[in-house]
Amino acid sequence: MGKQFFDTHCHLQHEAYDQDLQQVLSHCQEAQVDYMTVVGWDYPSSLQAVSLAQQYPGRIFAAVGVHPQDCLTWNAEIAADLFALAQKSCVVAIGEIGLDYYRDPSPKEVQAQVFIEQIHMAKELQKPIIIHSRDAHGPLFDIVKKEAAAQFGGIMHCYSGSVEMARQLLSSGWTISLAGPLTFKNARQLPEVVNFVPLDRLLIETDSPYMSPEPLRGKRNDPSRVTYIAGKIAEIKGVSLEEVANITTQNAKQIFHIV
Ligand code: NI
């Protein structure tokens, strides 16, 4: 058996792929990126994620949710529609959800309320959550602790925290997902995080079209480049690329309940 990669977080429904999605998907196939989770950031993009998952069953899976920066789109009707959408079997997680206090944030009380409502949704549906946290780790952890949010699986997307924070997350059952910043020259503490976190608690992702890894930094990203993240992990941990690919794929299948 060859290598199999699972990009656990990409946005293939983004307009950046409007012209060449087919080509991007065949590159992924050549790169042995056999699985991907397409993640929503608001209701329309969640709907598009589901439609892609339905077009490519067994290969593309969907996560649906409203991102903190889009929290002002939230209302009772969207909540009900999202809940209905989230029940579909191709929806493997609720996300991306969380808090974002970077630069010009949406009102913090609204972010918290929309985040909590979606945590409740995930718990009711017994699905894992995919968390976006930017400049908001303190308040975010207060919420996830109080809500026991990782009860059905919790993924810290595009992890950028310290080893100490990773230690705390692992002990409360979270899974850590690594993206392009691991490959950046100024990655600082991320290589230490990789050293510390056991391979069976790691996921890999691209966050495409954003976060392109070195040496392609700044260009449009796509899921085939998740192999760069895996390569960096293999290098740091001193294991084979095949081992990183296959274990992180198993981890993803387990947390998303894919058989
Ligand atoms: Ni994302």
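For the structure, check the block above.
Reference entry: report on the structure contained in this document. (Residues numbered from 1 in each chain as written. Predicted model: local features only at pLDDT ≥ 70, side-chain atom pairs only at ≥ 80, totals over all residues. Heavy atoms only, no water.)

**Description of the packing of helix H3 (residues 76-86) against helix H4 (residues 108-125)**
1) Next: Interhelical geometry of H3 versus H4 gives an angle of 30° and a closest axis separation of 11 Å. As far as their axial angle goes, H4 and H3 are roughly parallel. In this structure, H3 crosses over H4, and the sense of that crossing is right-handed. Note on element contacts: H4 touches H3 through Glu 117, Gln 118, Met 121, Glu 124 and Leu 125, opposite Ala 79, Leu 82, Phe 83 and Ala 86.
2) Next: Of the residues assigned to the contact of H3 with H4, the class counts are 6 nonpolar, 1 polar and 2 charged. (Axes fitted to C-alpha atoms, helices over the stretch in contact; angles between N-to-C directions. Helix = DSSP H or I, 4+ residues; strand = E, 2+ residues; numbered from the N terminus. Parallel < 35°, antiparallel > 145°, perpendicular 65-115°, else oblique. Left-handed = near helix turned anticlockwise from the far one by under 90°. Contact = heavy atoms within 4.5 Å. Nonpolar A, V, L, I, M, F, W, Y, C, P; charged D, E, K, R; others polar.)

**Description of the sheet that holds strand E2 (residues 33-39)**
1) Next: With parallel pairing, the 8 strands of this open sheet are ordered in space as E1-E2-E3-E4-E5-E6-E7-E8. The sheet is open, and its two borders are formed by strand E1 (5-10) and strand E8 (202-204), each paired with just one other strand. For this sheet the average axis-to-axis angle between neighbouring strands, irrespective of direction, equals 30°. (Pairing = 2+ DSSP bridges.)

**Comments concerning the nonpolar core**
1) Next: Among the nonpolar cores identified, the biggest contains 77 residues, and Leu 12, Ile 60, Phe 115, Tyr 159, Ile 176, Leu 178 and Ile 233 are the most heavily contacted of them.
2) Next: The biggest single contributor to this core is H4, with 7 residues.
3) Next: Once you skip the residues sitting within four places of it in the chain, Ile 233 turns out to touch Leu 178, Leu 182, Val 194, Leu 199, Leu 202, Ile 204 and Val 244.
4) Next: Judged by nonpolar contacts, the second largest core, of 14 residues, contains Ala 93, Ile 130, Leu 203 and Phe 256. (Core = buried A, V, L, I, M, F, W, Y, C linked by side-chain atoms within 4.5 Å. Buried < 20%, exposed > 50% of the residue type's maximum accessible area, 1.4 Å probe, protein only.)

**Details of the packing of H4 against helix H5 (residues 137-146)**
1) Next: Two numbers describe how H4 lies on H5: the axes approach to 11 Å, and their chain directions differ by 30°. Our classification of the angle between H4 and H5 gives roughly parallel. As for how H4 packs across H5, the hand of that crossing is right-handed. Listed contacts from H5 to Ala 112, Phe 115, Ile 116 and Ile 119 of H4 are Leu 140, Ile 143 and Val 144.
2) Next: Of the residues contributing to the contact of H4 with H5, the split by class is 7 nonpolar, no polar and no charged.

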